Amino acid sequence: MTTAPALLVAGHGTRDDAGAEAFRDFVRELGRRHPELTVAGGFIELSPPPLGEAVTELVAQGVRRFAAVPLMLVSAGHAKGDIPAALAREKERHPGISYTYGRPLGPHPSLLAVLERRVDEVRGDWAREDVTVLLVGRGSTDPDANAEVHKAARLFWEGRGYAGVETAFVSLAAPDVPGGLDRCVKLGARRVIVLPYFLFTGILPVRVRQQAEGWADAHPEIETRCAEVIGPEPELLDLVMERYREALKGDLRMNCDSCVYRIALPGFEDKVGLPQQPHFHPDDDGHHHHHGAGHHHGHAHAH
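Residues numbered from 1 in each chain as written. Predicted model: local features only at pLDDT ≥ 70, side-chain atom pairs only at ≥ 80, totals over all residues. Heavy atoms only, no water.

Structural notes on the overall build of the chain
Tallying secondary structure elements over the chain gives 8 helices and 8 strands in all. Considering the chain as a whole, with its 303 residues, one finds that 54% of them fall into the buried category. Contacts spanning at least 24 positions in sequence make up 76% of the contacts within the chain whose residues lie at least 6 apart. Entry remark: accessible area of the chain is about 13,700 Å², with carbon and sulfur atoms responsible for 52%. (Helix = DSSP H or I, 4+ residues; strand = E, 2+ residues; numbered from the N terminus. Buried < 20%, exposed > 50% of the residue type's maximum accessible area, 1.4 Å probe, protein only. Contact = heavy atoms within 4.5 Å. Areas by Shrake-Rupley, 256 points an atom, 1.4 Å probe, with all protein chains shown as cover.)

As for the sheet that holds strand S6 (residues 164-169)
Spatially, the 4 strands line up as an open sheet ordered S6-S5-S7-S8, and their pairing is parallel. Only two strands of the sheet have a single neighbouring strand rather than two, namely S6 and strand S8 (223-226). The sheet shows a mean angle of 25° between the axes of neighbouring strands, direction not considered. In this structure, strand S5 (residues 132-137) lies alongside strand S7 (residues 191-196), joined through 5 bridges in parallel fashion. What sits directly across from Val-133, in S7, is Ile-193. The sheet contacts of helix H5 (residues 143-157) involve S5, S6 and S7, and relative to S6 the element is tilted by about 160°. Contacts from helix H7 (residues 203-218) reach S5, S7 and S8 within the one sheet, and its direction differs from that of S8 by about 165°. (Pairing = 2+ DSSP bridges. Axes fitted to C-alpha atoms, helices over the stretch in contact; angles between N-to-C directions.)

Things to note about the pattern of salt bridges
Following the criterion strictly, the structure yields 24 salt bridges and no others. The shortest N-O distance in the salt bridge between Arg-154 and Glu-158 comes to 2.8 Å. Since its relative accessible area comes to 40%, Glu-158 is described here as partly exposed. One connected set of salt bridges, linked through shared partners, spans Glu-116, Asp-120, Arg-123, Arg-128 and Arg-160. (Salt bridge = Lys/Arg side-chain N within 4 Å of Asp/Glu carboxyl O.)

Brief notes about the sheet that holds strand S2 (residues 39-43)
The parallel open sheet is built from 4 strands, whose spatial order is S2-S1-S3-S4. Unpaired on one side and paired on the other, S2 and strand S4 (98-101) mark the two borders of the sheet. Each adjacent strand pair in this sheet contributes to an overall mean axis angle of 25°, direction not counted. Looking at chain direction, strand S1 (residues 6-11) and strand S3 (residues 65-70) are connected through 5 bridges and run parallel. Bridge pairing in S3 links Val-9 to Val-69. On top of the sheet, helix H3 (residues 77-93) reaches S1, S3 and S4; it is set at about 175° to S4, its chief contact.

Digging into the packing of helix H4 (residues 109-123) against helix H8 (residues 234-249)
Orientation of H4 relative to H8, taken along the N-to-C sense of each, is 165°, at an axis distance of 9 Å. Compared by their axis directions, H4 and H8 come out roughly antiparallel. Crossing of H4 over H8 shows left-handed handedness. Counting all contacts with H4, which are made through Ser-110, Leu-111, Val-114 and Arg-117, the residues of H8 involved are Glu-235, Leu-236 and Leu-239. Here the residues of the contact of H4 with H8 sort into 4 nonpolar, 1 polar and 2 charged. (Parallel < 35°, antiparallel > 145°, perpendicular 65-115°, else oblique. Left-handed = near helix turned anticlockwise from the far one by under 90°. Nonpolar A, V, L, I, M, F, W, Y, C, P; charged D, E, K, R; others polar.)

So, the nonpolar core
Formed by 49 residues in total, the largest nonpolar core has its most connected members in Leu-7, Leu-30, Leu-71, Leu-105, Leu-135 and Phe-156. Ranked by the residues each element gives to this core, the list is headed by H8, at 7 residues. In this structure, Leu-30 is in contact with Leu-7, Val-9, Val-39, Leu-237, Val-240 and Met-241, ignoring residues within four places of it in sequence. Membership of the second largest hydrophobic core comes to 21 residues, among which are Ala-6, Val-63, Ala-86 and Tyr-99. (Core = buried A, V, L, I, M, F, W, Y, C linked by side-chain atoms within 4.5 Å.)

Thoughts on unusual backbone geometry
Pro-48 connects to Pro-49 through a cis peptide bond whose omega is 0°. Among the secondary structure elements, Pro-49 is positioned in the loop between S2 and helix H2 (51-60). Here the residue pair Ala-174 and Pro-175 is connected by a cis peptide bond, since its omega of 0° sits within 30 degrees of zero. Within the fold, Pro-175 resides in the loop between S6 and helix H6 (177-186).

Given below as structure tokens:
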């Protein structure tokens, strides 16, 4: 009997202990739900265990084949470059292993259904047609990743009867949360629900809430509420398994049509053709991840 390839879940990492533990709990739950699989998880930065340690753990258990699934909502630098580079490095460290690489979660219909629940949890007696939702993403220096958040917002708006769904970002991209709320008001909103587009709690989702509450205090005439993050819902567990099975079938491709590493987008011309480079992240809590102009991610579409 052939043993199924293991599942390696790749997370971003956070300085928030509760957020990191939520990821680790999620990986453990995947293992409990699928006892037929060997499951491990690791982070690209900031939190233990690092991804390389997770691969070493799999190898120590006799694993030679695995599928890696990035537990990320959008295809930004980590999913496009850092994880493939880290996996390539582990392949050199552990001769004889092979892997396939899945795609990020994206605005999958099942996750949009969870987002809808999160809005309903705080909507109360507000009618949907009176509610404007501000979907707040992480934010990236990659325009393709930011565009994916806009795509999620549009898909979330379609067919659900909200007055509107606008987009903002908590870091690295505009508009920020206060700017997004200002835009909602200019478009006529009087009741706004701020919806963090994040899987688990962490420093940035907390910042989203703080910025939203600060703006609301300064604008008492606008009714503002904050929803929770997606969380370790059954839909998320099922979607990771869907991405795992998809990876095993092969022929997976990143979005190449608007990728800064392939296409000369205005203002990002210097990124075209950049080689894939391993992206090392110290594990100490004081590490700060700078995404400035000199920070370039490599890019691999296939292995």
